[in-house]
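Listed below, chain by chain, are the residues.
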Amino acid sequence: MTFEQLRAIQNEAEQVNRTYDLFNEDARLNRSPAARVEFLTNCRYIQQYLRPGARILDVGAGAGEYSLHFARQGCRVSALELADANIRAFRQKLRPEDGIELVQGNALDLSRWADGTFDAVLVFGPLYHLRRPAHRQQCIREALRVCKPEGTVFFAFISHDMLFMTELGYDRNFFAGNTYDHETFRLEDFPFVFHTVRECREMLEEGGVTVLKAVASDGFSELMADAVNGLDEESYRQYLRWHFYICEKPELLGASNHLLFIGKK
């Protein structure tokens, strides 16, 4: 599979499925100390809203990193994932004692679960794959529907504006390229869909979400990956403490590749 072949796929769900033939989601959150910051941050915030034995739905579960973590913390986890490659990776790590209900399916249709089933719903991926606003709203409505009235929903986004800097780090010719509009500085939404902090908040509020917190999940960690990965154990611990100190500051939210929004119905 090449990017040209991926672009030629007309069916949106199949295009998302095949995207993960190109991107190794199984390694993304644990390939380095810098990459691990996003996972550690999200887990830190999710844990604040969980009671012991909570029931969790992981929508867009990827290769199972969050599902497995919380199942092994004693939560009852159901997981839904679309991509074949991610399902295979997830199943390779799954143990019978994890007790995870793993389903291959689409985030637009959670009809297998009744209204108000889950204490927490994680939507970590679908909103940066759905190109149509109506589909994004459908995804949000479904997540809210299956969440208990007193439950919490967690939404992840890829932050639009920071990506210019991280892409420059990988490609010194990025600003001369054609993956963004040179007048509006709007990135091309391929193969992922990007949103500004304001767009994330407006999207969720339109869908009926009361936003409790917005968090810069990985902050500067990808931009400064070489430096972060070179830290000794104590320095890395202090880096994480600093990151947790700044990650809710409104003035720094946009300076992150990934955003976490926490909300209720």
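Bear in mind the structure is a predicted one, so any value in this text is a computation, not a measurement.

Scoring rules and cut-offs
- Residues numbered from 1 in each chain as written.
- Predicted model: local features only at pLDDT ≥ 70, side-chain atom pairs only at ≥ 80, totals over all residues.
- Heavy atoms only, no water.
- Helix = DSSP H or I, 4+ residues; strand = E, 2+ residues; numbered from the N terminus.
- Rg over C-alpha atoms; globule rule 2.2 N^0.38 Å.
- Buried < 20%, exposed > 50% of the residue type's maximum accessible area, 1.4 Å probe, protein only.
- Contact = heavy atoms within 4.5 Å.
- Lys, Arg positive; Asp, Glu negative; His and termini not counted.
- Charge placed at Lys NZ, Arg CZ, Asp CG, Glu CD.
- Pairing = 2+ DSSP bridges.
- Axes fitted to C-alpha atoms, helices over the stretch in contact; angles between N-to-C directions.
- Salt bridge = Lys/Arg side-chain N within 4 Å of Asp/Glu carboxyl O.
- Polar contact = N/O pair within 3.5 Å; in protein donor to acceptor, adjacent residues only side chain to side chain.
- Parallel < 35°, antiparallel > 145°, perpendicular 65-115°, else oblique.
- Left-handed = near helix turned anticlockwise from the far one by under 90°.
- Nonpolar A, V, L, I, M, F, W, Y, C, P; charged D, E, K, R; others polar.

Chemist: I'd like a rundown of the overall build of the protein, residues and numbers included.
Modeler: Of the regular secondary structure elements, the protein holds eleven helices and seven strands. Taken over the C-alpha trace, the protein has a radius of gyration of 18 Å; the compact-globule value for 265 residues is 18 Å, and the two agree within 12%. Projecting the C-alpha coordinates of the protein onto the three principal axes gives extents of approximately 50 × 50 × 35 Å. For the protein, with 265 residues in total, the buried portion stands at 52%. Considering only contacts within the protein whose residues lie at least 6 apart along the sequence, 72% involve residues at least 24 apart. Each charge class in the protein can be summarised by its mean position, and for the 31 positive and 38 negative side chains these summaries are 6 Å apart.

Chemist: Can you break down the sheet that holds strand S6 (residues 210-216) residue by residue, with the values?
Modeler: What the seven strands build is an open sheet, ordered S3-S2-S1-S4-S5-S7-S6; its pairing is mixed. Pairing within the sheet leaves two strands with one partner each, and these edge strands are strand S3 (101-104) and S6. The sheet shows a mean angle of 15° between the axes of neighbouring strands, taken without regard to direction. Looking at chain direction, S6 and strand S7 (residues 258-264) are connected through six bridges and run antiparallel. Within S7, the residue paired with Ala216 across the bridge is Leu259. Each of strand S1 (55-59), strand S4 (118-123) and strand S5 (147-158) is contacted by helix H7 (residues 133-146), which is oriented at about 145° to S5, the strand it contacts most. Against the sheet, helix H9 (residues 197-206) touches S5, S6 and S7, its axis set at about 25° to S7.

Chemist: Tell me about the side chain of Asp58, residues and numbers included.
Modeler: Inspection of the secondary structure puts Asp58 in strand S1. Nearest to the buried, unbridged Asp58 among oppositely charged side chains is Lys93, at 9.9 Å. Polar side-chain contacts of Asp58 include one of 2.7 Å to the side chain of Ser67. Beyond its immediate sequence surroundings of up to four residues, Asp58 is in contact with Tyr66, Ser67, Ser78, Ala79, Leu80 and Leu122.

Chemist: Account for the environment of Asn30, naming residues and giving values.
Modeler: Summarising the element assignment, Asn30 is placed in the loop between helix H3 (25-28) and helix H4 (33-48). Assessed through its relative accessible area of 38%, Asn30 is described here as partly exposed. In this structure the C-alpha to C-alpha distance between Asn30 and Glu65, which are 35 residues apart in sequence, comes to 9.0 Å. With sequence-adjacent residues up to four places away left out, Asn30 is seen in contact with Arg36 and Glu65.

Chemist: Kindly report on the packing of H4 against helix H11 (residues 233-246), identifying the contributing residues and their values.
Modeler: It is at 11 Å that the axes of H4 and H11 come closest, and there the two elements cross at 50°. Classed by the angle they form, the pair H4 and H11 counts as oblique. The way H4 lies across H11 gives a crossing that is right-handed. On H11, the residues that touch Pro33, Arg36, Val37, Leu40, Thr41 and Arg44 of H4 are Tyr236, Tyr239, Leu240, His243 and Phe244. When the residues that make up the contact of H4 with H11 are grouped by side-chain class, the tally is seven nonpolar, two polar and two charged.

Chemist: Please provide a residue-by-residue account of unusual backbone geometry, values included.
Modeler: The linkage connecting Phe190 with the following residue, Pro191, adopts the cis geometry, with an omega of -5°. Following the sequence through the fold, Pro191 ends up in the loop between helix H8 (163-170) and H9. Here Phe185, not a glycine, exhibits a phi torsion of approximately 60°, which is positive. Summarising the element assignment, Phe185 is placed in the loop between H8 and H9. You can call Phe185 partly exposed: its relative accessible area is 44%.

Chemist: Pulling in residues and values, what's your account of the packing of helix H2 (residues 12-22) against helix H6 (residues 84-93)?
Modeler: Packing of H2 against H6 leaves a shortest axis separation of 7 Å and a crossing angle of 60°. When the axis of H2 is compared with that of H6, the two are oblique. Judged by residue contacts, Asn17, Arg18, Tyr20 and Asp21 of H2 engage Asp84, Ala85 and Asn86 from H6. Each residue belonging to the contact of H2 with H6 can be placed in one class, and the counts come to two nonpolar, two polar and three charged.

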